[in-house]
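What the coordinates show
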Amino acid sequence: MFFWKTWKALSDAGVMGINRRNADYVLKYNKRHLYPVVDDKILTKERAIAAGIHVPELYGIIETEKDFDKFDSIVANHRDFVIKPAQGAGGDGIIVIADRFEGMYKTVGGKIISRDEIGHHISSILSGLYSLGGHRDRVLIEYRVTPDQIFKSISYEGVPDIRIICLMGYPVMAMLRLPTRQSNGKANLHQGAIGVGVDLATGITLKGTWLNKIISKHPDTTNEVDGVQLPDWNGFMRLAASCYELSGLGYIGVDLVLDQDKGPLILELNARPGLNIQIANDAGLTTRAHIVERHLAQLKKEGREESVEERVAFSQKHFGKLPNAPMSSDEANAGTA
Amino acid sequence: MQSINLHLKILIATLVALGVLITGYQIYVLDIPVTEDETDDIWSLDAKVEFRAVPGTPIKAQFFIPPLDQEYVSLNESFISNNYGVSINNQKGNRRVTWSSRRASGTQTLYYRLVLTKRYSEEQAKAAPPPTPQPVQLEGPEQVAADALINPIRQHSADIETFISETIRRVNDITDDNVKLLLAGGTSAMDKARVIDLLLSNARIPLELVHTIRLENTEAQTPELWLRSYNGERWLYFHPETGQQGIPDNRLVWWTGSDPLLALEGGRQANVTLTVSNSEMNALRLAKLTTQNSASALLEYSLYGLPLQSQRVYQVMIMIPVGVLVILILRNLIGMQTLGTFTPVLIALAFRETELGWGIALFTLITALGLSLRSYLEHLKLQMLPRLSVVLTFVVLVIAAISLFSHKLGLEKALAVSLFPMVILTMTIERLSITWEERGGAQSLKAAVGTLIAATLAHLLMTIPELTYFVFTFPAVLLILVAFMLAMGRYRGYRLTELMRFKALIKS
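Residues numbered from 1 in each chain as written. Chains lettered and ligands numbered in written order. Predicted model: local features only at pLDDT ≥ 70, side-chain atom pairs only at ≥ 80, totals over all residues.

**Observations regarding the overall build of chain A**
The secondary structure content of chain A amounts to 11 helices and 13 strands. Scored against the burial criterion, the 337 residues of chain A give a buried share of 47%. At a minimum sequence separation of 6, the contacts of chain A that also span at least 24 residues come to 62%. (Helix = DSSP H or I, 4+ residues; strand = E, 2+ residues; numbered from the N terminus. Buried ≥ 20, exposed ≤ 12 C-beta atoms within 10 Å, placed from the backbone. Contact = placed C-beta atoms within 7 Å.)

**Some remarks on the confidence of the model for chain A**
Note that predicted coordinates carrying low pLDDT should not be read in detail. For chain A, mean pLDDT is 86; residues scoring 70 or higher make up 94% of the total. Ignoring residues within four places in sequence, the model shows residues 324–337 of chain A, a span with pLDDT below 50, making 20 contacts including any to other chains. (pLDDT = per-residue confidence, 0-100.)

**Observations regarding the environment of Leu369(B)**
Tracing the chain through its elements places Leu369(B) in helix α10 (residues 356–380). Between the C-alpha atom of Leu369(B) and that of Ile429(B), which follows or precedes it by 60 residues, the distance is 9.2 Å.

**Thoughts on the environment of Arg100(A)**
All names here are of chain A. Counting through the fold element by element, Arg-100 comes out in strand β3 (residues 95–101). Expressed as a C-alpha distance, the spacing of Arg-100 and Arg-79, which sit 21 residues apart in the sequence, is 6.3 Å. When sequence neighbours within four positions are dropped, the list of residues in contact with Arg-100 reads Arg-79, Tyr-105 and Lys-106.

**Digging into the sheet that holds strand β2 (residues 59–65) of chain B**
Residues and elements named next belong to chain B. If you trace the four strands from one edge of the open sheet to the other, you get β4-β5-β2-β12, paired in antiparallel fashion. With partners counted over all chains shown, the strands left at the sheet margins are β4 (85–91) and β12 (262–265), one partner each. Averaged over all neighbouring strand pairs, the angle between strand axes comes to 15°, with direction disregarded. Two elements, β4 and strand β5 (residues 94–101), share seven bridges in a ladder whose sense is antiparallel. Its bridge partner being in β5, Asn-90 is matched across the sheet by Arg-95. (Pairing = 2+ DSSP bridges. Axes fitted to C-alpha atoms, helices over the stretch in contact; angles between N-to-C directions.)

**Here we look at the confidence of the model for chain B**
All names here are of chain B. Chain-level pLDDT for chain B is 80 on average; 87% of the residues reach the 70-or-more range. When the elements of chain B are averaged for pLDDT, helix α6 (residues 283–294) gives the smallest value, 56, and helix α14 (residues 477–488) the largest, 93. Below pLDDT 50 for its whole length, residues 121–125 participates in four contacts with residues either more than four positions away or in separate chains. Scored by ipTM, the complex comes to 0.78, with pTM at 0.66.

**Describing the UniProt feature "transmembrane region" (unreviewed entry) in chain B**
Residue and element names in this part refer to chain B. If you check UniProt for "transmembrane region" (unreviewed entry), the listed places come out as residues 6–28, 316–336, 356–376, 388–407, 413–433 and 470–491 in our numbering. Between the C-alpha atoms that bound residues 6–28 there is a distance of 32 Å. The span itself is 100% helix and 0% strand. Between the C-alpha atoms that bound residues 470–491 the distance is 28 Å, and the span itself is 73% helix and 0% strand. (UniProt positions renumbered as here; feature names shortened; annotations may be inferred.)

**What to know about the pairing of strand β4 (residues 104–107) of chain A**
All names here are of chain A. Here four bridges tie β3 to β4, and the two strands are oriented antiparallel to one another. Note that in β4 the partner of Asp-99 across the bridge is Lys-106. Remark: two residues form the turn of the hairpin made by β3 and β4, two consecutive strands paired antiparallel; Glu-102 in that turn has positive phi of roughly 50°. Note that β4 and strand β5 (residues 112–113) share two bridges and pair antiparallel. Residue pairing for β5: Tyr-105 is matched across the bridge by Ile-113. Once β4 ends, the chain turns through four residues before running back antiparallel as β5, passing Gly-110 with a positive phi of about 95°.

**A word on the sheet that holds strand β6 (residues 139–142) of chain A**
Residue and element names in this part refer to chain A. Strand order in the open sheet formed by six strands is β1-β6-β2-β3-β4-β5, and the pairing between neighbours is antiparallel. The open sheet has two free edges, formed respectively by β1 (58–62) and β5, since each of these has just one partner strand. As paired elements, strand β2 (residues 81–85) and β3 share three bridges and run antiparallel to each other. Across the sheet, the residue bridging to Phe-81 is Ile-97, located in β3.

**Things to note about the interface of chain B and chain A**
At the interface, 22 residues of chain B touch 27 residues of chain A. Put simply, the parts of the chain that give the side of chain B that touches chain A at least two residues each are α11 (384–408) and α15 (496–501) of chain B. Sort the elements by how many residues they give to the side of chain B that touches chain A and α15(B) lands first, with three residues.

**A word on helix α2 (residues 140–155) of chain B**
Owing to its 3.6 residues per turn, the α-helix aligns residues three or four sequence positions apart on the same side. Residue and element names in this part refer to chain B. Here α2 contains 16 residues, and its C-alpha end-to-end distance of 23 Å stays within 8% of the 22 Å for a straight helix at 1.5 Å per residue. Taken together, the buried positions of α2 are Ala-145, Ala-146, Leu-149, Ile-150 and Ile-153. The buried residues of α2 all sit within an arc of 125° when viewed along its axis, so they share a single face. Exposed residues lying more than 90 degrees from the buried face of α2 are Gly-140, Pro-141, Asn-151, Pro-152, Arg-154 and Gln-155. Each element contacted by the buried residues of α2 is listed here: α3 (160–172), α4 (177–183) and α5 (189–202). (Expected span 1.5 Å × (residues − 1). Arc of directions from axis to C-beta.)

**Structural notes on the nonpolar core**
In terms of nonpolar packing, the biggest core is built from 73 residues, with Cys166(A), Val172(A), Ala240(A) and Leu256(A) touching the most fellow members. Counting residues per element, this core draws most heavily on helix α7 (residues 233–247) of chain A, which supplies nine residues. (Core = buried A, V, L, I, M, F, W, Y, C linked by C-beta atoms within 7 Å.)

Printed below as a string of structure tokens:
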């Protein structure tokens, strides 16, 4: 029967479903009262700055309709900037202004919009249109990330970002998310962006996923997405791993970008990271999570905790997928046993 | 984590056990019927007393009515008599109604009606055994005839039971001279019963004349006479003419003793008609009626104790958890997408009033109209709250318009659309249009269809009459439902749609 065979095959591969993610990881490792830290991007940013973690520079915050008067002074010294709802989800409600044009603003897509239109958009955000629970929100205006040139050939508009899922500060899986024409420059998988798996040990890209299928070429640029070496990979890993101390949440997806001037930056944290990362990596999250959980139990017995560097090293040792990380397949098997 | 799991397991087990125990108690101990279709027989006994009043004299009609301490329980008893005083008195295990009037003229008609059903509970008041009789003093030839009969009977019998049978057999042999003499020309069952009583009283065996009625659908019955005696353990019934022993189940004792059914003063040409008719009634409603009359606490603490009006509301309300369960299964086990978590349940509730086909059609129509308005409003760049208010007002107007048109067209069903939860519709439209803009038409259609399917399923399940009855009568099953929901809260398996989603991950 298709049903049982598929079920069995998926569970053998250690693939994590939504129910398991919610029951065993999100509910278990993420304390509810800590959610505001990740749900509100302004709070995340404040915490990150306090911890000395790199984030895109915050230009200003608009909290009320009246505050819109401050808009001009906030963006006065910047030609390009990003307008974001503080509690938005899935990249909704974000406007990226790339340039000025005759007193108007030009979005990254080339559309010219007036100051009034921006005002309307900001007031929509404030009234809670994009916020998770529909309640009032704040607007943040921040530095516009310029993606590193490395992504030029494998990305269509927008800013590609790197999602690293961390369990108790151990990176377990990573994915490069590339905007497509279909996703309107957004790096969100369910809007049509493609996800490309990243080898944790080396930072070399693997095959990708697009609309739940496994692919190896970017649909718009038709360039191969696999085999690309991401620069400063250890920097990414360290940033992601340190987000555990920053947020206190045990199971998070850390979204990072690679700015051509400022290097790896943390964009936001997600307390319920999606599961398509498994298709991009052609690997199951449950398998890897179990390896980390066993390691944590071992550490607890020994009564010690590991530093960010040790955690990154552990992950790179166990979760490398490419041939130059020989441990991986054995460990993966051990994990399912 | 381990202790939480244990805690959860204990909680689930406790809830299931509680649910099963309470429901089992209700079904097996309180004997509440499991389905609504279980019906019980209801007997309605009608007695009509007709007579001509003798002018100028007060009228007093004494009429036996069935005692209520039998294996049948009274649901309703009524006396219909114009201008008559009614009083009931108990005497020697009998009940007797006395109709009285100072004066009356012409034909008088008095009615008595008793509605009965078999007793639910086992407890049953036993009629007290009659006292040992004093021998009836006879004189001359009658004494001789009685002695001549009793002596062989005594020889041919071993105990009370056989003694009575033998007596009945002998008395029914009307060729016997001794019997003839004692009967003094009468051959009715009553006469024979009198002689049997006489003979038995000489043997100091207590005997009671029992006038019974057959619980059968018949017009105009005459009470059937049975004899009974108490042998120290139980009542023995005998038919005075056939000698048949044991009374059939469908006989109801109307009165005992040798007095006639009706004793009339101040009237002539009395005529009594007894009619028995049978009807069936929902067993539960019956149980309820019996409760009211016999004051047993059978259903006192159930939802049936509520006033009828609120019962109807609760019958809907108590099914909501079932609808929620449907959503839970559809979302967490199957992985279907719906707009909002409990929106489908609310839509399902609205379907109750509109009927399914109409409900789906109207829901689709209103949502489609609302969506087109919403997409028009999008161009006007309005803020959220004013925009939502506009959509809500529009929804109200559309509903009013649909009602008006359908009323003009004679489609009364569509009028029920006004019961659609308008705020829910508005929110559905808003969510749908946001999904449409952000995720595209395909995604939003998927969610909308999912919502409709979920609402339909929930509606179908919530309106199964047997299920509604069961949950309403045995609300403890909701505890089992809660246990299942708790278990679902820790379900880690794949959702059905995930099997498709992750198909690419299966190594061939």
